[in-house]
Amino acid sequence: MLKEYKTVSSVAGPLMMVQNVDGAKYGHIVDIELGDGSIRHGQILQVEGDNVLVQVFEGTQGVDLDETKIRLLGKPSELSVSPDILGRVFSGVGIPIDNGPAIIPDAKMDVNGNPINPYSRDFPNEFIQTGISTIDGLNPLVRGQKLPIFSGAGLPHDEIAAQLARQATVLGEGEEFAVVFAAMGITFEAAQFFIDDLTKTGAIERSVMFINLANDPAIERIATPRFALTAAEYLAFERGMQVLVILNDMTNYCEALREISAARKEVPGRRGYPGYLYTDLATLYERAGRIKGNRGSITMVPVLTMPEDDKTHPVPDLTGYITEGQIILSRSLDRKSIAPPVDVLPSLSRLKDKGIGEGKTREDHADLYNQLYAAYAKGKESQELATILGEGALSEEDAKYMKFADEFELRYISQGFTENRTIEQTLDLGWELLSVFDDTELKRIDVDLIAKYMPKFRKNNGTSD
Amino acid sequence: MSELGQGKIVKVAGPVVVAQGMSGAKMYDVVRVGEANLIGEIVELNNDMASIQVYEGTVGVGPGEPVINTGAPLSVELGPGLISSIYDGIQRPLDKLYALEGSFIQRGNALPGLDRDKKWPFKATVENGAKVTAGDIIGEVQESSLLLHKIMVPLGVEGTIEGIKDGEYTVDTPIATIKADDGSVSEIKMMQKCPVRSQRASKQRLAPDKAMVTGQRVIDTFFPIGVGGTACVPGPFGTGKTVVQHQLAKWIDADVVVYIGCGERGNEMTDVLTEFPELKDPKSGKPLMERVVLIANTSDMPVAAREASVYTGITIAEYFRDMGYRVALMADSTSRWAEAMREISTRLEEMPAEEGYPAYLGARIASFYERAGRVACLGAPDREGALSIIGAVSPPGGDLSDSVVQATLHVVKVFWSLQSRLAQQRHFPAIDWLTSYSFYKQYLQECFEDKVMAAEMDGMIKEAMSLLEKEADLLEIVRLVGAEAISKADQISLAVAKSIREDYLHQNAFHEVDTYTSLEKQYTMLKVILHLYKKGLEAVEAGIEPADIFKIDAMEAIARAKYIPEAEMSKIADIANQIDSQIAKL
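1. What to know about the overall build of chain B
Secondary structure summary: chain B contains 15 helices and 28 strands in total. Here chain B, with 586 residues, has 60% of them falling under the buried criterion. In chain B, once contacts between residues fewer than 6 apart in sequence are set aside, the share between residues at least 24 apart is 70%. Total accessible area computed for chain B in this model is approximately 21100 Å², and 52% of it derives from carbon and sulfur atoms. Where the 60 positive side-chain charges of chain B centre and where its 81 negative ones centre are 1 Å apart.

Here it is in structure tokens:
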């Protein structure tokens, strides 16, 4: 029988102080029984002598000092795992909420996880085809990478995340794929859109959902990604599956963390976020990866909304320092109805060079994206120049680059949320767009590659003129 | 051990644990915490209460559990076996941990930094009966094909050497004894222990006298780092800090490289681990890993060990410096180190200074960088060693007014400013040529064997830089009034400045040839570009349109010059002739 304590001495915000507790351990979970018999869950944030500070996941509304009972469970949060979790929907703290049967666990895993020994990591170098040109062609995603989507309010990040979950495949292999989706403080509509989309394509059978909606307790969000990642680790490293984890929306997670920090009266860092935000985010993001001698992998796509589209806001800023690149969405492209509105220039995949090239995608891939980038960057500059000086004032060269940039946006970036392009289609489209330039202008591409690939597209160009 | 006492935990808050009953403990003593036997270090003393930063996760630790003081400060083991190792922040070998506990790091396993079983061939370099003092080299071990490990007399030991002989020994087998004048005898092993938080002694500090060649054109040509110098690379994310660090680790002209991955990405450390063994040293052709020591405390590993990792790294680096080697230390990123300090400080409830960082942030950063330098090493034979530090800084939002950047700029002598504007244009390395600086420029000349060439290079560097400055002004005018409004000579200047940027400063780290450029090739490339400038100006004087000049084939040859291998360097020099003949035809 677990010992019960009725010694709650103070409650403030999401925190509760309990006195005269014996044998409390840092980080362990507790059950909290209210006067009306309902049960809430909490985690120990600090122990000092026999005083314990508890964070209550479901919030402290209705908690009183006289009737509330605390039971120490003597263990950290755990998730029951078995292959049956696939196709199931859980709450933000890992309780099934789809009216299905209880999970009969193969094992119980500590949701806090353990850091992966850097020595045992296997380098991510296998290309994942997402069918989206701006990702495959310019910012290739590889297995075991973490590549966030930096979005803003009103931008279609949900659609992109769904498109990724639907289309992502590994070239030329019959690997088992799974999707783990963690919703943190998103709306019912957004969560339902995702569930419906996966259901339509049958992908739901290979998915695990952890849902904490906007009206669910905010503090629960701190636990949600940890449960999701624990499920992902189980599927990837125990079951050998290729797991794609989508965390949506990390900004809400960070706000919950800020709430706790403020309640503890900690010295705030930038914009009131705690000084340990970087470390906290890293313990989540770094759970992505591959491990030597293990077939499975965790690829992570966190989604976050940037307040006022500000990339220097602490949440996108610290995320960008941990993840291996970022996909940034652009409001101006979205206004032009270009979908998916990926802002190509500031987007980046750090691992791109490892996942592409001969034998993985195609030998011309690296040079091609460098050239496309350079040409598009120049085209954007010309576009800006045109708005200042007027199009008529542009030099011949600037006008050509501007036209290229327009074409590039309309044909390469824009493809809609359902078109699934193969990597060959994406690469060929790149060559076709570049064919408006002379060979000598293509400084970033090896001459041999130009000679090999370009003629085909030049000829097309010639006949259409 | 008993007089040190065994304490009892009274408080646990994240990585900080408070224990009572710790009388006799000293600041920075290493302790073992709780039933899980976690490793920690005392950072605050108050009567018999000690605050301890714990190097491992503290989930499951609670009041009443024991704390045992080891009575020794945090130390590293120094000796054969360091090279090619990969350690965590407190010198636990990650490969051995992997063998012991699998892919995920468990807690409470303290493994020694050096392999106790491996035998090393020791060759004595002094005779029995020789008088030795601290720092004297008494023998050698060929540790890797690139590194001859010198065995030195530890600090505080001197006297007459006895019983030394060649043979195969493990690191903790006595290889000799030293009998002091007062008759006391010390056993000498190949391994010595050294506390990490204070600098290793040397005979004398020396000023830098030479630049370190890195093969990176923008660095060597415009912003070189001196031997024993300090540099920092601040930049927002995505600007290529880590690639710059990796490039330097690969190509810098050092005998030993210590690379500290401090609170950074796990996959980046894997990249280093998988890539370095395949890379060849440009001089010897041997695998680069044979001169590298890696410290990997990734961002998901415990934060207190991250705080310690830079000290672990620099102490190892100083040890190799003391053998008389040139050592380069890369720390990626010092911002994560500062954040670790901040987190510990918050848990200790210290009064914060700016942005929540502790008030001693500036002092800690300064004293870290001050451990760099060229020194005359202790002991005989006379030798010089040098330790250069290159620290990456990751300012939030790329804001250079950040406390860590400012504290770093106070002390470092080289500033490579990374700009996201350049990174977005895919201009890598994204080092801004207008805002970066180096105080070691004058030492570059010393790196050329040919003194005439050195002097000429010096003039060319100044000319190229003034062209780049001029370009910034001209572009401003072009933006306002259009490209036609500037003079023909200025149009040439613009085109040549563009060529310097795109064909010279832009360097592809992932291209087989372009990844490293020798000083001689840098000289040749720059000379060709400036030759174009000279000829271009002459041509417009003679009435030729700039637009025609830009169409000559030699322009493209210049753009491709960086991909010409070192062995075919004459092809680059030959471009100058092409420029002459093609302009003459106009």
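2. Here's the deal with the overall build of chain A
Per the secondary structure count, chain A includes 13 helices and 22 strands. Relative to the 2.2 N^0.38 estimate, which gives 23 Å for 465 residues, the radius of gyration of chain A is 25 Å and therefore close to what a compact globule would have. For chain A, the C-alpha atoms occupy an extent of roughly 85 × 50 × 40 Å along the three principal directions. A buried classification covers 61% of the 465 residues belonging to chain A. For chain A, the accessible surface area stands at approximately 17100 Å², while carbon and sulfur atoms represent 48% of it. Looking at chain A, you have 48 positive and 69 negative side-chain charges, and the mean spots of the two groups are 3 Å apart.

3. Digging into the sheet that holds strand E11 (residues 137–144) of chain B
All names here are of chain B. With respect to topology, four strands assemble into an open sheet ordered E12-E11-E9-E14, the strand pairing being antiparallel. The sheet is open, and its two edges are formed by strand E12 (147–152) and strand E14 (167–169), each paired on a single side. Strand-to-strand twist across the sheet, computed as the mean angle between neighbouring axes with direction ignored, equals 35°. Where E11 and E12 come together, six bridges link them in antiparallel fashion. Within E12, the position partnered with Gly139 by the bridge is Ile151.

4. What about the sheet that holds strand E10 (residues 131–132) of chain B?
Residue and element names in this part refer to chain B. Overall, antiparallel pairing links the four strands, which are arranged E10-E13-E15-E16 in an open sheet. In this open sheet, the two edge strands, each paired with only one partner strand, are E10 and strand E16 (185–189). Alignment of strand E13 (residues 159–162) against strand E15 (residues 174–179), held across three bridges, turns out to be antiparallel. Among the inter-strand pairings, Thr160 is bridged to a residue of E15, identified as Lys179.

5. A few points about empty space enclosed by the protein
A full pass over the atoms with the stated rule returns nine cavities of 30 Å³ or more. Along its surface, the largest cavity is lined by 18 residues, and A:Arg270, A:Leu318, B:Glu339, B:Arg342 and B:Pro396 are the ones closest to its centre. It is helix H7 (residues 314–322) of chain A that provides the largest number of residues to the lining of the largest cavity, a total of four residues. In terms of residue class, the lining of the largest cavity is built from nine nonpolar, three polar and six charged.

6. Points about helix H3 (residues 188–200) of chain A
Residue and element names in this part refer to chain A. Given a rise of 1.5 Å per residue, 13 residues ought to cover 18 Å, and the 18 Å separating the end C-alpha atoms of H3 matches this to within 8%. Buried positions along H3 lie against helix H2 (157–167), strand E16 (177–186), strand E17 (207–213) and strand E18 (242–248). In the segment just after H3, Gly202 is the residue with positive phi, at about 80°.

7. Notes on the state of the cysteines
By definition, a disulfide links the sulfur atoms of two cysteines through a covalent bond. Going through the model one piece at a time under the given rule, you end up with zero disulfides over all chains. Unpaired in this structure, B:Cys232 has its nearest cysteine sulfur neighbour in B:Cys262, at a distance of 15 Å.

8. Regarding the nonpolar core
Residue and element names in this part refer to chain B. Counting 89 residues, the largest nonpolar core has Leu294, Met330, Ile390, Trp416, Ile500 and Ile575 as the members making the most contacts within it. Among the elements that line this core, the one with the most residues is helix H12 (residues 519–541), at eleven residues. Setting aside residues no more than four positions away along its own chain, Ile500 makes contact with Ala464, Leu467, Leu468, Leu505 and Ile529. Listed in part, the 77 residues of the second largest apolar core include Val153, Cys262, Leu361 and Val412.

9. Focus: the packing of helix H10 (residues 365–389) of chain A against helix H12 (residues 423–434) of chain A
Residue and element names in this part refer to chain A. Remark: H10 packs on H12, axes separated minimally by 10 Å, with the N-to-C direction vectors making an angle of 45°. As judged from the angle between their axes, H10 and H12 are oblique. Helix-helix and strand crossings are classified by hand; for H10 and H12 the assignment is left-handed. Together, His365, Leu368, Gln371, Leu372 and Ala375 of H10 and Ile423, Leu427, Gly430, Trp431 and Leu434 of H12 make up the contact between the two elements.

10. Thoughts on the side chain of A:Arg40
Residues and elements named next belong to chain A. Position of Arg40 among the secondary structure elements: in strand E5 (residues 39–48). Of the side chains with opposite charge, Glu58 lies nearest to the buried Arg40, which makes no salt bridge, at 5.7 Å. A polar atom in the side chain of Arg40 sits 2.8 Å from the backbone oxygen of Gly59. Among the polar contacts listed, one links the side chain of Arg40 to the backbone oxygen of Gln61, at a separation of 2.8 Å. Those residues in contact with Arg40 that lie beyond four places of it in its chain are Val30, Asp31, Ile32, Leu34, Val56, Glu58, Gly59, Thr60, Gln61 and Val63.

11. Regarding the environment of B:Lys250
Residue and element names in this part refer to chain B. Residue position: Lys250 is located in helix H3 (residues 241–251). For Lys250, a relative accessible area of 5% corresponds to the buried category. On a C-alpha basis, the gap between Lys250 and Phe276 in space is 7.5 Å, while along the polypeptide they are 26 residues apart. Apart from residues lying up to four places away in sequence, Lys250 is in contact with Glu275, Phe276, Leu279, Leu288 and Arg291.

12. Examining the packing of helix H10 (residues 451–481) of chain B against H12(B)
Residues and elements named next belong to chain B. Relative orientation of the contacting elements H10 and H12 amounts to 55°, with a least axis distance of 10 Å. Classified by the angle between their axes, H10 and H12 sit oblique to one another. For the crossing formed where H10 meets H12, the hand is left-handed. Counting all contacts with H10, which are made through Met453, Glu456, Met457, Met460, Ile461, Glu463, Ala464, Leu467 and Lys470, the residues of H12 involved are Glu520, Gln522, Tyr523, Leu526, Lys527, Leu530 and Tyr533. Classifying every residue of the contact of H10 with H12 gives ten nonpolar, one polar and five charged.

13. Looking at the pattern of salt bridges
The tally for this structure, following the rule as stated, stands at 72 salt bridges over all chains. Among the salt bridges present, the one from A:Arg411 reaches A:Glu407, with a minimum N-O distance of 3.7 Å. Note that A:Arg411 and A:Glu407 are positioned in helix H11 (residues 396–413) at a spacing of four residues, about one turn of the helix. Judged by its relative accessible area of 31%, A:Glu407 falls in the partly exposed class. Among the ionic pairs, B:Arg92 bridges to B:Asp88, the shortest N-O distance being 3.0 Å. For B:Asp88, a relative accessible area of 2% corresponds to the buried category.

14. Observations regarding unusual backbone geometry
With an omega of 5°, the peptide bond running from B:Asp332 to B:Ser333 counts as cis. In this fold, B:Ser333 is placed in the loop between strand E24 (326–332) and helix H6 (334–347). Put simply, B:Ala380 and B:Pro381 share a cis peptide bond, and its omega is -10°. Notably, A:Ser337 is not glycine yet its phi reads approximately 60°, a positive angle. Take A:Ser337: it is sitting in the loop between helix H8 (331–335) and strand E22 (348–349).

15. Re the interface of chain A and chain B
Taken together, the contacts link 70 residues of chain A with 68 residues of chain B. Across the chain A/chain B interface, buried area totals approximately 6200 Å², and carbon plus sulfur atoms make up 54% of it. The largest share of the area that chain A buries against chain B comes from A:Tyr26, A:Tyr119 and A:Tyr321, three residues that together contribute 13% of it. On inspection of chain A and its partner chain B, the count reaches seven salt bridges. A:Lys354 is paired through a salt bridge with B:Asp271; the nearest N and O atoms lie 3.2 Å apart. At the boundary of chain A and chain B, one finds 24 residue pairs in polar contact (both at pLDDT 80 or more). Broken down by secondary-structure element, the contributors of at least two residues to the side of chain A that touches chain B are E5, strand E11 (121–122), helix H4 (224–238), helix H6 (277–285), H7, helix H9 (352–355) and H10 of chain A.

16. Description of a nonpolar patch on the surface
A surface patch of nonpolar side chains, about 300 Å² in accessible area, is lined by B:Ile477, B:Leu480 and B:Val481. With respect to the secondary-structure elements, B:Ile477 resides in helix H10.

Definitions and cut-offs
- Residues numbered from 1 in each chain as written.
- Chains lettered and ligands numbered in written order.
- Predicted model: local features only at pLDDT ≥ 70, side-chain atom pairs only at ≥ 80, totals over all residues.
- Heavy atoms only, no water.
- Helix = DSSP H or I, 4+ residues; strand = E, 2+ residues; numbered from the N terminus.
- Buried < 20%, exposed > 50% of the residue type's maximum accessible area, 1.4 Å probe, protein only.
- Contact = heavy atoms within 4.5 Å.
- Areas by Shrake-Rupley, 256 points an atom, 1.4 Å probe, with all protein chains shown as cover.
- Lys, Arg positive; Asp, Glu negative; His and termini not counted.
- Charge placed at Lys NZ, Arg CZ, Asp CG, Glu CD.
- Rg over C-alpha atoms; globule rule 2.2 N^0.38 Å.
- Pairing = 2+ DSSP bridges.
- Axes fitted to C-alpha atoms, helices over the stretch in contact; angles between N-to-C directions.
- 1 Å grid on protein atoms, 1.4 Å probe; cavity = no way out; pocket = protein on both sides within 12 Å on 5 of 7 lines; lining within 4 Å.
- Points joined across faces, edges and corners; volume = space filled by probe spheres on them.
- Nonpolar A, V, L, I, M, F, W, Y, C, P; charged D, E, K, R; others polar.
- Expected span 1.5 Å × (residues − 1).
- Disulfide = S-S within 2.5 Å.
- Core = buried A, V, L, I, M, F, W, Y, C linked by side-chain atoms within 4.5 Å.
- Parallel < 35°, antiparallel > 145°, perpendicular 65-115°, else oblique.
- Left-handed = near helix turned anticlockwise from the far one by under 90°.
- Salt bridge = Lys/Arg side-chain N within 4 Å of Asp/Glu carboxyl O.
- Polar contact = N/O pair within 3.5 Å; in protein donor to acceptor, adjacent residues only side chain to side chain.
- Buried area = accessible area lost by both parts, 1.4 Å probe.
- Patch = residues over 30% accessible without salt bridge, like charges linked within 9 Å, V, L, I, M, F, W, Y side chains within 5 Å.

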